[in-house]
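Each chain, letter by letter, is given below.
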Amino acid sequence: MDQILILDFGSQYTQLIARRLRSLRVYCEILPFSATAEDILSRSPRGIILSGGPSSVYDADAPKPDLAILNLGVPILGVCYGMQLIAREYGGTVSKAAKREYGLSKLKILKGSRLFKGINGAVSVWMSHGDEVKKAPAGFHVTARAGGSDISAMENPDLNLYALQFHPEVHHTEHGTKMLENFARGICGYKEHWTPSSFLSESIAEIKKTAGGKTVICGLSGGVDSSVAAVLAHKAIGKKLSCIFVDTGLLRHGDRERMKEVFQDKFGYSLRIVDASALFLGRLKGVTSPERKRKIIGHTFIEVFDKEAKKVRDAAFLLQGTLYPDVIESVSVKGPSAVIKSHHNVGGLPAKMKLGLIEPLRYFFKDEVRELGRSLKIPEPVLMQHPFPGPGLAIRVLGEVTPDRLKILREADRLMREEIQAAGWYPKIWQAFCVLLPVRSVGVMGDERSYEYTIALRCVSSVDGMTADWSKLPHDLMHKISSRIVSEVRGVNRVVYDITSKPPATIEWE
Ligand code: XMP
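A short tour of the structure in this document, coming up. Fair warning: this is a prediction, and the values are worked out from it, not measured in the lab. (Residues numbered from 1 in each chain as written. Predicted model: local features only at pLDDT ≥ 70, side-chain atom pairs only at ≥ 80, totals over all residues. Heavy atoms only, no water.)

**Structural notes on the environment of Gly189**
Part 1 of the argument: Along the polypeptide, Gly189 turns up in the loop between helix H4 (176-187) and helix H5 (200-211).
Part 2 of the argument: Looking at Gly189, the relative accessible area reads 13%, which means it is buried.
Part 3 of the argument: Distance in space between the C-alpha atoms of Gly189 and Pro75 is 9.7 Å, their sequence separation being 114 residues.
Part 4 of the argument: Dropping the residues within four chain positions of it, Gly189 is found in contact with Arg46 and Ala184. (Helix = DSSP H or I, 4+ residues; strand = E, 2+ residues; numbered from the N terminus. Buried < 20%, exposed > 50% of the residue type's maximum accessible area, 1.4 Å probe, protein only. Contact = heavy atoms within 4.5 Å.)

Structure representation (structure tokens):
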């Protein structure tokens, strides 16, 4: 498969380069900056991108790529730190800028670079650097300047080397995606039209080969990732896929029924639904600390899952819905000592269970998993659902989790989602849910004084859950949600709307 390789020097934007290229239907992978020229060559890349990074090229311990890659004849694009590396290696001058540049700059494109094909005049670009190229190396042309004099782009087409001081991958850079497209398709000659489904037959064959006739266990969580992973695995090994769904008693209204409906009734998979709600609720009794709750739920989940898995004969592998961002994090510039992130929902399972791992989604981003799911005909309600945390409603019932409180929250949450869906807002937001606050306040219902709980509505927009902004829902929609909750859910007499972004707040309340 044709691909572009991105060497990661630690920039917060490295993943964005990959996402932009893939949105252009160009397949790419991210490797640590230290990948050897031999490894790189063995993948026959069409082009290489050197990412940005926090270091200075003149630091003694500055990360450097295997310099042999400069002579492979493969086109190279250096971005920010990547540009400074190229400048320094070829005899240019790099030094500390008088002032660290962060934010938008006006770029003037100077001459006919293939990187800027179809882009003319002045464009706004996103800068984030402390060092700058003061003098381009001999043989390099300066192709764009910012602020009248700064070297913002340079190239040496004879050596197939191109460099940008700014970040084309950042959304704020005008025509940035076009620049990446010019590099990949124009300069590197990448011709294919890659889609996540291009990997379908390959992934299926690989699962089959790895499983080698043994049984694979899948912990279905009800979320998008484990659902898509399960469908892929089922295509590969059919009845040898054994799915387990643990009902923790902390699920939303309809979650368990939907799993049964889709995977058991519609798809006909071997699915064991384990009702462990009494165990979970028993262990949560009297517990109010958010961290304690999370720990108890995590351990109990592993215990229940492990017990169920042991009942599956001949089980040799665990299927996991690990995504590319987790994989990249584990191989990034932080080096081999970086802790590999355990998957949120099944954290800790693999190490304890001594099963081999099958991770068919490890090269995909979330939006690509949805696209893959669509081509696998997974129903939209499964694919488009909002993320739901492993500890479930327990971290949305603040304070002690009791069956009564769970019931109130579950009902309010159902009404809220119903209204948001009816108003067409569900796909526009990242997450929408209710939180039950452990406070009561005074109200009046009919002629009677009430003293009941408060529900907080939490609706946020986000790209990856790392940062988030509260959603500006229309007032009439908020009004409808609030009146339905107060009139239909017993035990609630007040509804409030959370207007805090992340940071400083988190999306979940616990
Ligand atoms: P926070 O609350 O940290 O959440 O802003 C960021 C995103 O992660 C989800 N989340 C979790 N997901 N297990 C999960 O699978 C967890 O323990 C967990 N905690 C938070 C949260 O819903 C949001 O999408």
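Once you've had a look at it, read on.
**Digging into the site of the ligand**
Part 1 of the argument: As a matter of local geometry, the ligand sits amid 14 residues, with Arg294, Gln431, Lys502, Ile507 and Glu508 nearest to it.
Part 2 of the argument: Here an oxygen atom of the ligand and a side-chain polar atom of Gln431 are 2.8 Å apart.
Part 3 of the argument: Ile507 places a polar main-chain atom, nitrogen or oxygen, 2.8 Å from an oxygen atom of the ligand.
Part 4 of the argument: Residue composition of the shell around the ligand, by class: five nonpolar, six polar and three charged.
Part 5 of the argument: Of the residues that make up the shell around the ligand, three or more belong to each of domain 2 (196-383) and domain 3 (403-497). (Near = heavy atom within 4 Å. Polar contact = N/O pair within 3.5 Å; in protein donor to acceptor, adjacent residues only side chain to side chain. Nonpolar A, V, L, I, M, F, W, Y, C, P; charged D, E, K, R; others polar. Domains from an automatic or database assignment.)

**Quick look at the sheet that holds strand S6 (residues 122-135)**
Part 1 of the argument: Pairing in this open sheet of nine strands is mixed, and the strands run S2-S1-S3-S4-S9-S8-S7-S5-S6 from one edge to the other. The open sheet has two edge strands with one neighbour each: strand S2 (28-32) and S6. Direction aside, neighbouring strands of the sheet carry axes that sit 25° apart on average.
Part 2 of the argument: For strand S3 (residues 47-50) and strand S4 (residues 76-79), the ladder comprises three bridges, and the chain directions are parallel. Its bridge partner being in S4, Ile49 is matched across the sheet by Leu77. (Pairing = 2+ DSSP bridges. Axes fitted to C-alpha atoms, helices over the stretch in contact; angles between N-to-C directions.)

**Things to note about helix H1 (residues 14-23)**
Part 1 of the argument: By the burial criterion, the buried members of H1 are Thr14, Ile17, Ala18, Leu21 and Arg22. The buried residues of H1 all sit within an arc of 125° when viewed along its axis, so they share a single face.
Part 2 of the argument: Just past H1, the residue Arg25 takes up positive phi, approximately 70°. (Arc of directions from axis to C-beta.)

**A look at the packing of helix H6 (residues 224-237) against helix H12 (residues 366-375)**
The angle between the axes and the distance between the axes are what describe a pair of packed helices.
Part 1 of the argument: The N-to-C vectors of H6 and H12 enclose an angle of 45°; their axes lie 10 Å apart at closest approach. By the criterion of interaxial angle, the relationship of H6 to H12 is oblique. Here H6 runs over H12; the crossing is left-handed. Residues Val224, Asp225, Val228 and Leu232 of H6 form the contact with H12, whose own contacting residues are Lys366, Val369, Arg370, Leu372 and Gly373.
Part 2 of the argument: Partitioned by chemical class, the residues of the contact of H6 with H12 number five nonpolar, one polar and three charged. (Parallel < 35°, antiparallel > 145°, perpendicular 65-115°, else oblique. Left-handed = near helix turned anticlockwise from the far one by under 90°.)

**Some details on the environment of Lys366**
Part 1 of the argument: Here Lys366 shows up in helix H12.
Part 2 of the argument: By relative accessible area, Lys366 is classed as partly exposed at 30%.
Part 3 of the argument: For Lys366, the contacting residues outside a window of four places in its chain are Asp225 and Leu323.
Part 4 of the argument: Side chain to side chain, Lys366 and Asp225 meet in a polar contact 3.1 Å long.

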